[in-house]
Amino acid sequence: MGKLALHWKILIGMLLGLVFGFAMTYFDGGKTFVANWIEPFGAIFVKLLKLIAVPLILASLIKGISDLKDISKFRKIGLRTIGIYVLTTVVAISVGLVLVNTLQPGNGIDAETIEKFSQTYANDSGVTDKLDEALKQKSNGPLQFLKDMVPDNAVAAMSDNKLMLQVIFFTIFLGISMLLVGEEKARPLKSFFDSLNEVVLKMVDLIMLSAPYAVFALLANVVSSSGDPDLLVALLKYAGVVVLGLLLMIVFYAVLVTLYTGKNPLWFLKQISPAQLLAFSTSSSAATLPVTMERVEEHIGVDKEVSSFVLPVGATINMDGTSLYQGVAAVFAMQVLWPEGLVFSNQLIIVLTALLASIGSAAVPGAGMVMLVIVLESIGFPPELYPIALALIFAVDRPLDMCRTVVNVTGDATVSMIVAKSVGKLGDPKPKEWDDHLEEVR
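Computed from a predicted structure; not experimentally measured.

Draft legend 1. Spotlight on a nonpolar patch on the surface. A surface patch of nonpolar side chains, about 370 Å² in accessible area, is lined by Leu4, Trp8, Ile12 and Leu16. Mapped onto the elements, Ile12 comes out in helix 1 (residues 6-24). Of the residues examined, Ile12 reaches a relative accessible area of 32% and is grouped as partly exposed.

Draft legend 2. Representation of the packing of helix 16 (residues 320-337) against helix 20 (residues 397-422) within the structure. Contact pair helix 16 / helix 20: the axes reach a minimum separation of 6 Å and the direction vectors enclose 135°. Taken together, the axes of helix 16 and helix 20 lie oblique to each other. Only Asp397, Arg404, Val407 and Asn408 of helix 20 make contact with helix 16, whose side of the interface consists of Asp320, Gly321, Thr322 and Tyr325. Looking at the contact of helix 16 with helix 20 residue by residue, the classes come out as two nonpolar, three polar and three charged.

Draft legend 3. Highlighting the packing of helix 12 (residues 236-261) against helix 16. Closest axis-to-axis distance for the helix 12/helix 16 pair is 10 Å, and the angle between their directions is 145°. Every pair of crossing elements has a handedness; the one defined by helix 12 and helix 16 is right-handed. Residues Tyr238, Val241, Val242, Gly245, Leu246, Met249 and Tyr253 of helix 12 form the contact with helix 16, whose participating residues are Asp320, Gly321, Leu324, Tyr325, Val328, Ala329 and Phe332. Residues of the contact of helix 12 with helix 16, tallied by class, amount to eleven nonpolar, two polar and one charged.

Draft legend 4. Expanded view of unusual backbone geometry. In this structure, Gln104 is a non-glycine residue whose phi angle is positive, near 45°. For Gln104, the location among the structural elements is in the loop between helix 3 (71-103) and helix 4 (111-121). The exposure class of Gln104 is partly exposed, given its relative accessible area of 35%. A positive phi angle, close to 60°, is found at Ser283, a residue other than glycine. In this structure, Ser283 sits in the loop between helix 13 (265-282) and helix 14 (285-300). Owing to a relative accessible area of 16%, Ser283 belongs among the buried residues under this scheme.

Draft legend 5. Spatial organisation of the packing of aromatic side chains. Scanning the model with the defined rule gives nine aromatic pairs in all. Ring centres 6.3 Å apart and planes at 50° place the aromatic pair Phe169 and Phe173 in the tilted group. Taken together, the residues span about one helical turn, with Phe169 and Phe173 both in helix 8 (residues 164-180) at a distance of four residues. You can call Phe169 partly exposed: its relative accessible area is 32%.

Thresholds applied
- Residues numbered from 1 in each chain as written.
- Predicted model: local features only at pLDDT ≥ 70, side-chain atom pairs only at ≥ 80, totals over all residues.
- Heavy atoms only, no water.
- Patch = residues over 30% accessible without salt bridge, like charges linked within 9 Å, V, L, I, M, F, W, Y side chains within 5 Å.
- Areas by Shrake-Rupley, 256 points an atom, 1.4 Å probe, with all protein chains shown as cover.
- Salt bridge = Lys/Arg side-chain N within 4 Å of Asp/Glu carboxyl O.
- Helix = DSSP H or I, 4+ residues; strand = E, 2+ residues; numbered from the N terminus.
- Buried < 20%, exposed > 50% of the residue type's maximum accessible area, 1.4 Å probe, protein only.
- Axes fitted to C-alpha atoms, helices over the stretch in contact; angles between N-to-C directions.
- Parallel < 35°, antiparallel > 145°, perpendicular 65-115°, else oblique.
- Contact = heavy atoms within 4.5 Å.
- Nonpolar A, V, L, I, M, F, W, Y, C, P; charged D, E, K, R; others polar.
- Left-handed = near helix turned anticlockwise from the far one by under 90°.
- Phe/Tyr/Trp six-rings, centres within 6.5 Å; stacked < 30°, edge-to-face > 60°.

Shown next, in the form of structure tokens:
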């Protein structure tokens, strides 16, 4: 795979992983072989990406803030970022609701199929854990997410990737304080973080050398460990509605990029494609964050002042793909189990609740399905039907999670371009390779 572009290498790895994983389901012991000898390589790759996520946020965000000459510019970047993220999330939920009400995927599910789903998944630990987590979230106050943003121990926050918002809060606090002590006193600390930023970005380049092989391992494991094919087929219409909505969001982002920045949308999608393919393979915006930052800064030309804030914040609070999925899944569950709840007022509540949940539950493990329970609870969905509703969704949750993570990452990159253009920080791409300085150490 020597001279192929990175996105082609990753795509080939994905296709081979899908074929290999599918083939292994037909061999005795095939699933066990994949789980024991293939999956660990994908897991190591994801761990490596998560390993550098916090150092990258620290170094990149502090460098971005400390490079600012005018602190009011940071406020402008912050307000525009949050505003655009809220707008795109509302668009995503609205697209999902229009599609699910028009195509009505829940109308073809009969009572026998519902019973089969209930027996197969309702008592699954993945479903029961999400219900328990949602009940904990329900007891929180409306401003709980603000409390959760502020760490009481910065080192403890940096030790847990789920506490990314706390890391961002501490980093912004530190960066602004560095500006306020003056350039001379802040210079030693700034030099340290500038150097750390370059080193961590080089680590991204090195990790990406193994990306094609890692996505092969990740997708082979996903396919070989998938559930009952007959049950998956029963949900094809629902899954198709979600995927159609996610594709429309990609088109929406491409149109925004073209109209506001003047860039070719195909060029934009090509530059961000390695991050999209990794998002699909890992189902994690946080794990993909180092690659997203590297692609946006070096291959699209967004200045670090912008990307270092917009992208980490987006990885934690911008869930366009997940929010669209909430809208479709909630209405789908009502179509199947609670048709009397399909009134306009409930759908307005879904828009508002899904928007707030996408911000408030950013640090919740398995946020997608937990958010769904919170949305269903807000519209008065019968509590005794929660396990059955989650069982219906759970069957195809993993492949849809992969798809919606692609949209989340694409949305982050789009907003970073728009904000950068609005403050005059969208320049020419300056890509770096892993071996740029190899001759110096030989």
